[in-house]
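# Notes for the structure review
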Amino acid sequence: MTTKDIVLDHVSIRFGSYTAVDNAHLTINGGEFFSFLGPSGCGKTTMLRCVSGFSEPTEGRVLIGGKDMKGVGPNKRPTALIFQNLALFPLMSVAENIAFPLEVRGVGKKDRRKKADELLDMIALPGVGDKKVHELSGGQRQRVAIARALAVEPDILLLDEPLSALDLKLRHHMRTELRTIQQRVGLTFIYITHDQGEALTMSDRIAVMNAGVIEQIGDPEAIYNRPKTAFVASFVGETNAIEGKVTAQTGELVVLDTPLGPLKGTAAGGRKYKPGDNCYIFIRPEQLELRDNPAGENAFTTQAVKAEFEGNARLLFLGANGVDLRLTRINTGERPADLAGTAVHVGFDPSKAFVLPHSALAGA
Ligand SMILES: Nc1ncnc2c1ncn2[C@@H]1O[C@H](COP(=O)(O)OP(=O)(O)OP(=O)(O)O)[C@@H](O)[C@H]1O
């Protein structure tokens, strides 16, 4: 256990009869970049407020560095919080902004400036201390906000959707920046986002939340390639969900009777199914393949509805027997035949598709 470890010990947070966080039980390791990922209203901010000390759990305990935080206010916790709205002071210089929390703590002017300059080096903005905030770009301002949060030398940085006000290109750039800063300072970062791309690219581990419940905790590869619930499979990344009933299972391979005929996939998480169980088979658009004919296992014929060009990839919208599917292909630089309006044969490898019990999908 280090001072940077956080334990959420069976934490539930209720507002009246409404449960915003339901029995969260996990350890975030010191130095980890840990994200809570989930749709709006799933309880991410409520969870973070509990770690920062702005609210207390209704049940359970929050431990930081092994110490129970009950009754310990936000100022007394080794955490610093960064919001989407940075609230930098427009009339102060960049260095004054960064050093402001130190001024509040009575640190002298010279030491404040020294610390601000060190932090500017750390966020790769050396020499801008005397500029005004409005002279910086959005991404630079974001880094200054991080430097200001780091000025008080917290063990844990809590980030609540800090990139959502930035434009797309800058957001992508800042993902790399944030990860680099986190690795440089070696602090625990707890990051909250509804953007799965952000969570996948930056995090060591991700907790996927749905309606107050943590549905899965894992590294980005596990979350994307081995989702444990229908919600995680449908929330993280694009996927095709095909409903069906189990007819047989041999080892990991499960056969489902679906509107597209019998389809075979892999039982996610080593689950065992009985004939008649209602399930989904999930297959990513990039794992669906165009075939020359409908013969063979896991192959069927669909109607191509339309094609979209996305630059790096081509997206094909398919439909058959009331099932809508999406298939993506990498753009090879050559224009393929226009398939819209034609019958196309499609198939997939059973090891690339996973079968999960029927339950709520994201956005459903
Ligand atoms: N002080 C409060 N009183 C009553 N209900 C609250 C309070 N704070 C949050 N909630 C409710 O708890 C649920 C979770 O809210 P929370 O802000 O944690 O969600 P979130 O996942 O962070 O969403 P967003 O991404 O939109 O901020 C919501 O339904 C919200 O309305």
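The chain appears in an unreviewed UniProt entry as ABC transporter ATP-binding protein from Roseibium polysiphoniae. Per UniProt, the chain has the following entry under Sequence similarities (unreviewed entry): "Belongs to the ABC transporter superfamily."

Moving on: the overall build of the chain. Counting secondary structure elements, the chain contains eight helices and 20 strands. Counting over 364 residues, the chain shows a buried share of 36%.

Surrounding the ligand, one finds Phe-15, Ala-20, Gly-38, Ser-40, Gly-41, Cys-42, Gly-43, Lys-44, Thr-45, Thr-46 and His-194. The element contributing the most residues to the shell around the ligand is helix 1 (residues 44-52), with three residues.

A sheet is described by the order of its strands in space; here five strands give the open sequence 15-19-16-17-18, paired in antiparallel fashion. Strands at the two margins of the open sheet, each flanked by one partner only, are strand 15 (289-291) and strand 18 (323-330). Pairwise comparison of adjacent strand axes, ignoring direction, gives a mean angle of 50 degrees for this sheet.

Looking now at helix 4 (residues 138-150). Residues spaced three or four apart along an α-helix point in a common direction, a consequence of the helix completing one turn every 3.6 residues. End to end, helix 4 covers 19 Å across 13 residues, agreeing with the expected 18 Å (1.5 Å per residue, within 8%). All buried positions along helix 4 are accounted for by Gln-142, Arg-143, Val-144, Ala-145, Ile-146, Ala-147, Arg-148, Ala-149 and Leu-150. Against strand 6 (79-82), helix 2 (94-104), helix 3 (109-122), strand 7 (156-160) and helix 5 (168-185) lie the buried residues of helix 4.

Next up on the list: the domain arrangement of the chain. We note that the domain assignment places domain 1 (6-229) and domain 2 (231-357) within the chain. With centres defined by C-alpha atoms, the gap from domain 1 to domain 2 works out at 38 Å. Domain 1 puts 11 residues into the contact, and the matching count from domain 2 is nine residues. Contributing elements (two or more residues each) for the side of domain 1 that touches domain 2: strand 9 (205-210), strand 10 (213-218) and helix 7 (220-225).

The next thing to look at is the packing of helix 4 against helix 5. Packing of helix 4 against helix 5 leaves a shortest axis separation of 10 Å and a crossing angle of 25 degrees. It follows that helix 4 is roughly parallel to helix 5 by the angle criterion. By crossing handedness, the relation of helix 4 to helix 5 is classed as right-handed. Only Leu-170, His-173, Met-174, Glu-177, Ile-181 and Val-185 of helix 5 make contact with helix 4, whose side of the interface consists of Gly-138, Gly-139, Gln-142, Arg-143, Ile-146 and Leu-150. A class-by-class count of the residues in the contact of helix 4 with helix 5 yields six nonpolar, four polar and two charged.

The rules behind the values
- Residues numbered from 1 in each chain as written.
- Predicted model: local features only at pLDDT ≥ 70, side-chain atom pairs only at ≥ 80, totals over all residues.
- UniProt positions renumbered as here; feature names shortened; annotations may be inferred.
- Helix = DSSP H or I, 4+ residues; strand = E, 2+ residues; numbered from the N terminus.
- Buried ≥ 20, exposed ≤ 12 C-beta atoms within 10 Å, placed from the backbone.
- Near = placed C-beta within 6 Å.
- Pairing = 2+ DSSP bridges.
- Axes fitted to C-alpha atoms, helices over the stretch in contact; angles between N-to-C directions.
- Expected span 1.5 Å × (residues − 1).
- Contact = placed C-beta atoms within 7 Å.
- Domains from an automatic or database assignment.
- Parallel < 35°, antiparallel > 145°, perpendicular 65-115°, else oblique.
- Left-handed = near helix turned anticlockwise from the far one by under 90°.
- Nonpolar A, V, L, I, M, F, W, Y, C, P; charged D, E, K, R; others polar.

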